[in-house]
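Survey of secondary and tertiary structure
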Amino acid sequence: QVQLVESGGGLVQTGGSLRLSCTASGRMFGVNLKAWYRQAPGKERELVARITGGGSTNYAESVKGRFTISRDNAKNTVYLQMNSLQPEDTAVYYCNADWLGSSRVEYWGQGTQVTVSS
């Protein structure tokens, strides 16, 4: 009943910017959009950024100062603003949500591809 859909990925040159969006649809009561992850080929999925219910944020060291996570509750959407993109940022980016903070119930989007060329 809950779907997460990411958008905004694409091909960009080194130093460019992209803004990713993830919108929840369906049954949204209790859905907590909380994080962005990414996975590059042959690599483990890694946490890129997270945002708490109170608005506090955390970032991976590799993106700190370049990426910003934000949320618009009225639009049921979480964003990831990515600036100064580097080839190392190339990956499929996924948004993540839980339900009422439960570790047993999580939702994932289908992912959006980000490719940074030099």
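Here, the structure is the one placed above.
Residues numbered from 1 in each chain as written. Predicted model: local features only at pLDDT ≥ 70, side-chain atom pairs only at ≥ 80, totals over all residues. Heavy atoms only, no water.

**Brief notes about the pairing of strand 4 (residues 31-39)**
Regular strands show a simple pattern: their side chains alternate between the two faces of the sheet. Of all the 9 residues making up strand 4, 7 are buried; the element is thus mostly covered by neighbouring parts of the structure. Bridge count between strand 4 and strand 9 (residues 91-99): 8 bridges; the pairing is antiparallel. Residue pairing across strands places Y37 opposite Y94, the latter belonging to strand 9. Alignment of strand 4 against strand 5 (residues 46-51), held across 4 bridges, turns out to be antiparallel. By the bridge assignment, Y37 is partnered in strand 5 with L47. Remark: 6 residues form the turn of the hairpin made by strand 4 and strand 5, two consecutive strands paired antiparallel; G42 in that turn has positive phi of roughly 75 degrees. (Buried < 20%, exposed > 50% of the residue type's maximum accessible area, 1.4 Å probe, protein only. Helix = DSSP H or I, 4+ residues; strand = E, 2+ residues; numbered from the N terminus. Pairing = 2+ DSSP bridges.)

**Some words on the state of the cysteines**
Applying the stated criterion across every chain yields a total of 1 disulfide. Linked covalently through their sulfurs, C22 and C95 form a disulfide whose S-S length is 1.8 Å. Residues C22 and C95 share a disulfide whose torsion about the S-S bond is about 45 degrees; that sign makes it right-handed. In this pair, C22 sits in strand 3 (residues 18-26) while C95 sits in strand 9, placing the two residues 73 residues apart along the sequence. Exposure class is identical for C22 and C95. Each is buried. (Disulfide = S-S within 2.5 Å.)

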